[in-house]
Amino acid sequence: MPLNELDERIVRALAADARRSYADIGAEVGLSAPAVKRRVDRLLAAGAITGFTVRVDPAALGWHTEALIELYCRHNTSPSDIRRGLARYPEVASASTVTGDADAVVQVFASDVRHFEQVLERIAGEPFVTRTKSVLVLSPLLRRYGAGSPE
């Protein structure tokens, strides 16, 4: 569903702080609170907004090590097989199929390097994985959680 400019402004405001009131957002975008609520309800129903959540610093949960793993899979491995295999790991924050040599890239959080090594060994042992290549994240430079078109 393509968003018009007003919808984008509402979505950006919610992405920055989903706890903002409809009245507060309405004052920013020039609508009444009920009008903002109707638009948000419409965006939810259309699937443009998929939900509301909280962002937690992984370190607050004891996850001090972040890594990215490239997965190289057997020839007939489907994306759903990869997803199903990785979904069992609470350390996996995200996984995506990608272009290039690797079949997927996996973002992992672990308590420390030893814990990451254990997770990497388990993932590498999955029957669909032929090899892995990993890097540890030293410092996240930019993370965007907002929505709407880039400004």
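Everything discussed here concerns the structure shown above.
Cut-off values and rules
Residues numbered from 1 in each chain as written. Predicted model: local features only at pLDDT ≥ 70, side-chain atom pairs only at ≥ 80, totals over all residues. Heavy atoms only, no water. Patch = residues over 30% accessible without salt bridge, like charges linked within 9 Å, V, L, I, M, F, W, Y side chains within 5 Å. Areas by Shrake-Rupley, 256 points an atom, 1.4 Å probe, with all protein chains shown as cover. Salt bridge = Lys/Arg side-chain N within 4 Å of Asp/Glu carboxyl O. Helix = DSSP H or I, 4+ residues; strand = E, 2+ residues; numbered from the N terminus. Buried < 20%, exposed > 50% of the residue type's maximum accessible area, 1.4 Å probe, protein only. Phe/Tyr/Trp six-rings, centres within 6.5 Å; stacked < 30°, edge-to-face > 60°. Lys NZ or Arg CZ within 6 Å of the ring centre and 35° of its normal. Expected span 1.5 Å × (residues − 1). Arc of directions from axis to C-beta. Contact = heavy atoms within 4.5 Å. Axes fitted to C-alpha atoms, helices over the stretch in contact; angles between N-to-C directions. Parallel < 35°, antiparallel > 145°, perpendicular 65-115°, else oblique. Nonpolar A, V, L, I, M, F, W, Y, C, P; charged D, E, K, R; others polar. Pairing = 2+ DSSP bridges.

Trainee: Can you tell me about a nonpolar patch on the surface, naming the residues and giving the values?
Mentor: Together, Val54, Val56 and Leu61 make up an exposed nonpolar region whose accessible area comes to about 300 Å². Here Leu61 shows up in the loop between helix H3 (33-46) and strand S1 (65-73). On the basis of relative accessible area, Leu61 is assigned to the exposed category, the value being 59%.

Trainee: Tell me about the packing of aromatic side chains, residues and numbers included.
Mentor: What the rule picks out here adds up to zero aromatic pairs. The ring of Tyr72 has Arg131 sitting right over it, with the charged end atom 3.8 Å from the ring centre.

Trainee: So what about H3? Which residues, and what values?
Mentor: Taking 1.5 Å of rise per residue, 14 residues should cover 20 Å, and H3 covers 20 Å from first to last C-alpha, within 8% of that figure. Restricting attention to buried positions, one finds in H3 the residues Ala35, Val36, Val40 and Leu43. Along H3, the residues classed as buried sweep out an arc of 135° about the axis, all on the same side. Facing away from the buried side of H3, by more than 90 degrees, are the exposed residues Arg38 and Ala45. Contacts made by the buried residues of H3 are with helix H1 (5-16) and helix H2 (22-29). One or two steps after H3, the chain reaches Gly47, where phi turns positive at roughly 85°.

Trainee: Explain the packing of H1 against H3 residue by residue, including any values.
Mentor: One way to put it is that H1 packs onto H3 with a least axis distance of 11 Å and a crossing angle of 90°. Here H1 is positioned roughly perpendicular relative to H3, judged by the angle of their axes. Contact residues: Leu6, Asp7, Ile10, Val11 and Leu14 in H1; Val36, Arg39, Val40, Arg42 and Leu43 in H3. Counted by class, the contact of H1 with H3 contains seven nonpolar, no polar and three charged residues.

Trainee: Lay out the pattern of salt bridges in plain terms, naming residues and giving numbers.
Mentor: Counted according to the given criterion, the structure contains eleven salt bridges. With a closest N to O distance of 2.6 Å, Arg20 and Glu28 form a salt bridge. Residue classification places Glu28 among the partly exposed positions, given a relative accessible area of 43%. The shortest N-O distance in the salt bridge between Glu126 and Arg88 comes to 2.5 Å. With Glu126 in the loop between helix H5 (113-124) and strand S4 (129-136) and Arg88 in the loop between helix H4 (79-86) and strand S2 (92-97), this residue pair connects regions lying 38 residues apart in the sequence. With relative accessibility at 9%, the residue Glu126 sits in the buried group. A relative accessible area of 55% means that Arg88 is categorised as exposed. A single network of salt bridges, built from pairs that share partners, joins Asp7, Arg39 and Arg42.

Trainee: Got a sec to walk through the sheet that holds strand S3 (residues 104-110)? Specific residues and values, please.
Mentor: Backbone hydrogen bonds are what pair the strands of a sheet, in a parallel or an antiparallel way. Pairing is antiparallel across the open sheet formed by four strands, whose spatial order is S2-S3-S1-S4. Because the sheet does not close on itself, it has two edges, and the strands there are S2 and S4. Ignoring which end each strand starts from, the neighbouring axes of this sheet average 20° apart. When S2 meets S3, the two strands line up antiparallel, connected through five bridges. When the bridges of S3 are listed, Thr97 appears paired with Ala104. Contacts from H5 reach S1, S2, S3 and S4, with the element oriented near 160° to S4.

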